[in-house]
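Structure at a glance
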Amino acid sequence: MKNGIRLRRGEPRGPMLKVDGQTLWAYDTNSKELRSTENGKCIDNRGQIGKPCDAFPCDDCDSYTCYGSTGDLTLAKCTGKVRQRWVLQDADDFLYDQGSALVGKPIEDDFYLLVSSKDREFCIAAKDPYARHPDGEILLMRCNPSDPKQIWTIETIEDWERIRLKANLSLCMHVSRLELLQALHLEECSDLQKKQHWKYDKSGTGEISSAKNENLCVEFENGDDCLQEGTPLELLPCSGGKKSEQSFDLVRPGNYWE
């Protein structure tokens with residue numbers, strides 16, 4: 001339990017989170033509830049469950065309005081329901097558990113190209129940064145460090161990671177099913193969506209494996225040993241670093257040409 005914490009907007013630094021007159025909270029790391037230290041009630045999002053909810057301070061009110069849903073934040077009896085669960089990222093940022101709207105954009109040092117170890121001319125890219133499943137393919141393209149469709153931020157949350165697109169921070173790397181040959185695509189980011197939970201071995205093999213099935217890794221087919229733009233990415237059995245088609249390097253965009 002973390003007691004006596006206050007929350008502010010991450011970027012730009014704004015007013016403290018104030019809900020029903022309360023500004024001081026206790027965070028339960030097990031239930032992920034934010035409870036008022038004064039009355040013991042929990043922050044509750046009355047918006048539509050499963051919809052993204054971006055928090056913005058009102059100019060003339062004491063609550064944070066959830067744009068994109070149908071309600072405001074309020075205090076309610078703690079029930080453990082998903083709409084009362086929150087994930088603290090750091091001192092100034094937090095993510096909503098049901099939709100994970102990012103509050104406080106990542107800084108430039110948080111963004112990377114995911115460069116193929118087999119052929120460093122190719123990077124993981126989104127075909128259309130505004131398309132979602134069944135569109136929104138994720139594929140290989142010739143690296144362009146100035147193209148935000150090829151730039152990603154990897155967020156570590158508990159024991160798994162989420163890979164979010166710079167060109168559209170509301171969309172994340174996703175698969176429809178955790179099965180062989182399932183293609184990668186973009187989908188609305190959600191902490192509850194296990195098909196967006198990944199583990200990236202950045203200090204070892206460079207593999208991106210499913211956090212819920214670590215036998216499945218992101219791979220591209222390279223049958224004729226000649227990579228082409230538009231090659232899709234899909235899930236295949238992990239090789240433990242034996243297949244370069246499964247290995248990707250994190251490279252800061254400004255360092256790509258070095």
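Use the structure listed above.
Right, let's walk through the structure included here. (Residues numbered from 1 in each chain as written. Predicted model: local features only at pLDDT ≥ 70, side-chain atom pairs only at ≥ 80, totals over all residues. Heavy atoms only, no water.)

It is worth spelling out the overall build of the protein chain at this point. Of the regular secondary structure elements, the protein chain holds zero helices and 21 strands. Counting over 258 residues, the protein chain shows a buried share of 48%. At a minimum sequence separation of 6, the contacts of the protein chain that also span at least 24 residues come to 56%. Only carbon and sulfur atoms are counted for the fraction: they give 45% of the accessible area of the protein chain, which is about 12500 Å². (Helix = DSSP H or I, 4+ residues; strand = E, 2+ residues; numbered from the N terminus. Buried < 20%, exposed > 50% of the residue type's maximum accessible area, 1.4 Å probe, protein only. Contact = heavy atoms within 4.5 Å. Areas by Shrake-Rupley, 256 points an atom, 1.4 Å probe, with all protein chains shown as cover.)

Scanning the entire structure with this criterion turns up two aromatic pairs. Ring plane angle 65° and centroid distance 6.2 Å describe the contact between Phe220 and Phe248, whose orientation is recorded as edge-to-face. Of the two residues, Phe220 sits in strand S19 (residues 216-220) while Phe248 sits in strand S21 (residues 248-251), which places them 28 residues apart along the sequence. With a relative accessible area of 1%, Phe248 lands in the buried category. Measuring from ring centre to ring centre gives 4.8 Å for Tyr256 and Trp257, while their planes differ by 75°; the resulting arrangement is edge-to-face. Judged by relative accessible area, which is 14%, Tyr256 ranks as buried. The exposed category is assigned to Trp257, whose relative accessible area is 67%. (Phe/Tyr/Trp six-rings, centres within 6.5 Å; stacked < 30°, edge-to-face > 60°.)

Taken by themselves, the reported measurements are silent on function.
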